Amino acid sequence: MTISLSKGQRIDLTKTNPGLTKVVVGLGWDINRYSGGKDFDLDASAFLLREDGKARNEDDFVFYNNKAGGGGSVVHSGDNRTGAGDGDDEQIVIDFSKVPAHVHRIGITVTIYDYEARGQNFGQVSNAFVRVVDASGDREVLRFDLGEEFSTETAVVFCEFYRYGADWKFQAIGSGFTGGLGALCRNYGLDAE
């Protein structure tokens, strides 16, 4: 049975799901109130973070141009440039058994590509969600629907996975940023260039 979470909620992920070592993080969205004639390209990313909440370097930033990080423990499925269709628009696979010891958190984010030139923001996005699926059996473990609370934001931290002793937990975040991918990179200690 899928657990639906609200913003700010935390859940034991591996402790309440014994044997769960590998998950597929599915992210999806729809576009609303938008007729600008340009594609609306949203991009999922993962930031592999140390205990201080910062990434060590660009290798700890997984996205469509750097599809694997953390020694192959986090893998991006590839870029969906339109978000068309039902279901997951992009996916990130996390193998908790392979996550390096220096990684204490994994932030899952979505940004709008070329938002300035296209005049786009998350106020034009609806039905955004993140879901976590057990990769070994394709069973949806949890889901977080973001709601419609965004307006001018161009980047959103959807959720974070974090270590708690030998286990991994999940936190529904839903925090928006203006400044797109550059703002997120700076937030996580990386050079935005």
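Residues numbered from 1 in each chain as written. Predicted model: local features only at pLDDT ≥ 70, side-chain atom pairs only at ≥ 80, totals over all residues. Heavy atoms only, no water.

## Re unusual backbone geometry
For step 1, the next point in the chain: Backbone geometry places Asn127, a non-glycine residue, at a positive phi of 55 degrees.
For step 2, the next point in the chain: Inspection of the secondary structure assignment puts Asn127 in strand 10 (residues 125–134).
For step 3, the next point in the chain: Overall, the relative accessible area of 48% leaves Asn127 in the partly exposed class.
For step 4, the next point in the chain: At Asp138, a position not held by glycine, the phi torsion is positive, near 60 degrees.
For step 5, the next point in the chain: By the element assignment, Asp138 lies in the loop between strand 10 and strand 11 (139–145).
For step 6, the next point in the chain: Accessibility expressed as a relative area gives 67% for Asp138, which makes it exposed. (Helix = DSSP H or I, 4+ residues; strand = E, 2+ residues; numbered from the N terminus. Buried < 20%, exposed > 50% of the residue type's maximum accessible area, 1.4 Å probe, protein only.)

## Topic: the nonpolar core
For step 1, the next point in the chain: Residues Leu27, Ile94, Ile106, Ile108, Phe161 and Phe170 are the most contacted members of the largest nonpolar core, which totals 41 residues.
For step 2, the next point in the chain: Going through the elements one at a time, strand 3 (22–31), strand 4 (42–49), strand 8 (90–95), strand 9 (105–112), strand 10, strand 11, strand 12 (155–164) and strand 13 (167–177) are the ones with two or more residues in this core.
For step 3, the next point in the chain: Not counting residues up to four positions away in its chain, the partners in contact with Ile94 are Thr21, Lys22, Val23, Val25, Ser73, Val74, Val99, Ile106, Ile108 and Phe161.
For step 4, the next point in the chain: By size, the runner-up hydrophobic cluster in this structure holds 14 residues, among which are Phe47, Phe177, Leu184 and Cys185. (Core = buried A, V, L, I, M, F, W, Y, C linked by side-chain atoms within 4.5 Å. Contact = heavy atoms within 4.5 Å.)

## Describing the pattern of salt bridges
For step 1, the next point in the chain: The tally for this structure, following the rule as stated, stands at 9 salt bridges.
For step 2, the next point in the chain: With its nearest N and O atoms 3.3 Å apart, the salt bridge here joins Lys169 to Asp12. You can see Lys169 sitting in strand 13 and its partner Asp12 sitting in strand 2 (residues 10–12), a full 157 residues away along the chain.
For step 3, the next point in the chain: Linking Arg105 and Glu160 is a salt bridge whose minimum nitrogen-to-oxygen distance equals 2.7 Å. (Salt bridge = Lys/Arg side-chain N within 4 Å of Asp/Glu carboxyl O.)

## Thoughts on the pairing of strand 8
Along any regular strand the residues' side chains alternate between the sheet's two faces.
For step 1, the next point in the chain: The sheet contact formed by strand 3 and strand 8 spans 6 bridges and is antiparallel. Paired with Leu27 across the bridge in strand 8 is Glu90.
For step 2, the next point in the chain: Sheet analysis places strand 7 (residues 74–76) next to strand 8, joined by 3 bridges and oriented antiparallel. Along strand 8, the bridge assignment pairs Val75 with Val93. (Pairing = 2+ DSSP bridges.)

## Quick notes on the side chain of His76
For step 1, the next point in the chain: Within the secondary structure, His76 sits in strand 7.
For step 2, the next point in the chain: Of the residues examined, His76 reaches a relative accessible area of 3% and is grouped as buried.
For step 3, the next point in the chain: Here Ala44 takes part through its backbone oxygen, which lies 3.0 Å from a polar atom of the side chain of His76.
For step 4, the next point in the chain: Not counting chain neighbours up to four residues away, the residues in contact with His76 comprise Ala44, Val62, Phe63, Tyr64, Lys67, Glu90, Gln91 and Ile92. (Polar contact = N/O pair within 3.5 Å; in protein donor to acceptor, adjacent residues only side chain to side chain.)

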